[in-house]
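Geometric and topological summary
Letter by letter, the chains look like this.
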Amino acid sequence: MSEWGDGTRCVHAGAAEPVAGQPFLAGPVLAAPFHLGADDFYGRAGNPTWRALESAIGALDGGLCTVFPSGMAAITTLLRTVLSPGDVIAIPADGYYLVRTFLAGLDVQAREVPTVGPWTREVVEGARLVLLETPSNPGLDVCDIKAIAELAHAAGALVAVDNTTATPIGQRPLELGADISVASDTKAVAGHSDVLFGHISVTDEALWTELQRQRSLSGAIPGPFETWMVHRGLGTLDVRLARQAENAAALVAKLRGHEAVANVRWPGSPDDPSHAVAARQMRRFGGVFTFELASADLVARFLATSRLVASATSFGGLHSTADRRAQWGDPVPEGLVRFSAGLEDSHDLVLDVVGALDRALASPVQ
Ligand SMILES: *Cc1c(COP(=O)(O)O)cnc(C)c1O
């Protein structure tokens, strides 16, 4: 498996041995109780459809995987499982906003550290868990997983990485020394904007067993049909990411020179401040980048005149989308746009985006 390329791995990871007369990917097993006498007895505790996807994603991540009904279900289960009252956790100050909201309801002390650091001994000292998010959402800043994992481990802390933006084929946090890779698969892994999903992969078998137990206890379980949809989507992750990255590169090159646009950020660009670390630890880049327009109004006019770019939150899907993050309360400039390049033809997308920016600049302010 490890000698194969990403395309082969996405199609074949975790696949069962072929059985004559059976489908390539078994359909979803829809069962609440099972006939007793084998491993599966009740759908909240275990299900063959979960195990098929867990072995696929686990193989890509290089760990033991547990699937969840959303990225937040994965992250909050991780936090509830690992943290005890009074514990200290280091979290990204610029990371996914709901994590901070959830922690506010737990009796733990959160130390907020910007993704770019400074990552000092004081930051990790006494922490039970260090949660990283790289590239961060929405800022697309990057931190050095290997260096921080060494620092955190020396202080006795566990290290988790929110790997949503990178995906399991874009970055392997466990290989870089992290103990836990957690992600929202709602984004590029499922990839079709039609399902919410999440997972946690870990290196430690005892922690994996506990996460599986916590999922069953909480009852926050993914439906087999959604699980099957994610497995189906995973097969094309490599080709989708390749087109998205190609489109992001083409758009970033054009936007850098456009008079309406400032502060274009994409870790894949050699000019980006995050590029050196990203290029060292990431295996490939994706289709998400950010840029700034002068005002919220200009973003609205840009979106109104584009024919291909949908105004939507989330990212990583087939369709190009743009999200003005300040509308959700992210502490970013009013005109900051997180753009998710879709699978359209580069030529069409560049023409549409540049044309929409030109028209937005020329149209009268409302
Ligand atoms: C979307 C996202 C989440 C939450 O995932 P859901 O599937 O929406 O619950 C967590 N972390 C990051 C970085 C995300 O982008």
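See the structure printed just above.
This is a predicted model, so every value here is computed, not measured. (Residues numbered from 1 in each chain as written. Predicted model: local features only at pLDDT ≥ 70, side-chain atom pairs only at ≥ 80, totals over all residues. Heavy atoms only, no water.)

Gly71, Asp162, Ser184, Thr186 and Lys187 are the nearest of the 14 residues found near the ligand. Interatomic distance of 2.6 Å between a side-chain N/O atom of Thr186 and an oxygen atom of the ligand. At 2.7 Å from an oxygen atom of the ligand is found a side-chain nitrogen or oxygen belonging to Lys187. Taken by itself the ligand offers 380 Å² of open surface, and the protein chains cover 93% of this. Broken down by element, the shell around the ligand gets its largest block of residues, three residues, from helix α3 (residues 71-82). Among the residues making up the shell around the ligand, the classes are represented as five nonpolar, six polar and three charged. (Near = heavy atom within 4 Å. Polar contact = N/O pair within 3.5 Å; in protein donor to acceptor, adjacent residues only side chain to side chain. Areas by Shrake-Rupley, 256 points an atom, 1.4 Å probe, with all protein chains shown as cover. Helix = DSSP H or I, 4+ residues; strand = E, 2+ residues; numbered from the N terminus. Nonpolar A, V, L, I, M, F, W, Y, C, P; charged D, E, K, R; others polar.)

Here we take up the nonpolar core. Membership of the largest hydrophobic core comes to 30 residues, with the highest contact counts inside it found for Phe289, Phe291, Leu293, Phe302, Phe339 and Val353. Elements with a contribution of two residues or more to this core: α9 (237-256), β9 (288-292), α11 (296-305), β12 (336-340) and α12 (346-362). Looking at this core element by element, the count peaks at six residues for α12. Every residue in contact with Phe302, bar those within four places of it in the chain, is listed here: Phe291, Leu293, Phe339, Val353, Ala356, Leu357 and Ala360. (Core = buried A, V, L, I, M, F, W, Y, C linked by side-chain atoms within 4.5 Å. Buried < 20%, exposed > 50% of the residue type's maximum accessible area, 1.4 Å probe, protein only. Contact = heavy atoms within 4.5 Å.)

Side chains of strand β11 (residues 321-324) alternate between two faces, with Thr321 and Asp323 and Ala322 and Arg324 buried alike. In this sheet, β11 lies alongside strand β10 (residues 310-311) in parallel orientation, the contact comprising two bridges. Bridge pairing in β11 places Ser311 opposite Ala322. Where β11 and β12 come together, four bridges link them in antiparallel fashion. Its bridge partner being in β12, Arg324 is matched across the sheet by Val337. (Pairing = 2+ DSSP bridges.)

Under the criterion given, the structure shown has 17 salt bridges. We note a salt bridge from Asp6 to Arg284, for which the minimum N-O separation is 2.8 Å. Taken together, the residues span a long stretch of sequence, with Asp6 in helix α1 (residues 6-12) and Arg284 in the loop between α10 (275-281) and β9 at a distance of 278 residues. Take Asp6: its relative accessible area is 14%, and that puts it in the buried class. A relative accessible area of 15% means that Arg284 is categorised as buried. Here Glu334 makes a salt bridge to Arg324, at a shortest N to O gap of 3.0 Å. Here Glu334, found in the loop between β11 and β12, pairs with Arg324, found in strand β11; they are 10 residues apart in sequence, far enough to count as distant. Via salt bridges that share partners, Asp6, Asp238, Arg283 and Arg284 belong to a single interconnected network. (Salt bridge = Lys/Arg side-chain N within 4 Å of Asp/Glu carboxyl O.)

Here we take up the pairing of strand β4 (residues 129-133). Burial of β4 is extensive: five of the five residues sit out of reach of the surface. Every second residue of β4 is oriented toward a common face, with Leu129, Leu131 and Glu133 on one face and Val130 and Leu132 on the other, all of them buried. The pairing of strand β2 (residues 88-92) with β4 spans two bridges and is classified as parallel. Within the sheet, the bridge partner assigned to Ala90 lies in β4 and is Val130. Inspection of the sheet shows β4 paired to strand β5 (residues 158-162) by five bridges, in the parallel sense. By the bridge assignment, Val130 is partnered in β5 with Val159. Each parallel crossover has a hand, and the one from β4 via helix α6 (residues 145-154) to β5 is right-handed. (Right-handed = clockwise from strand over helix to strand, strands pointing away.)

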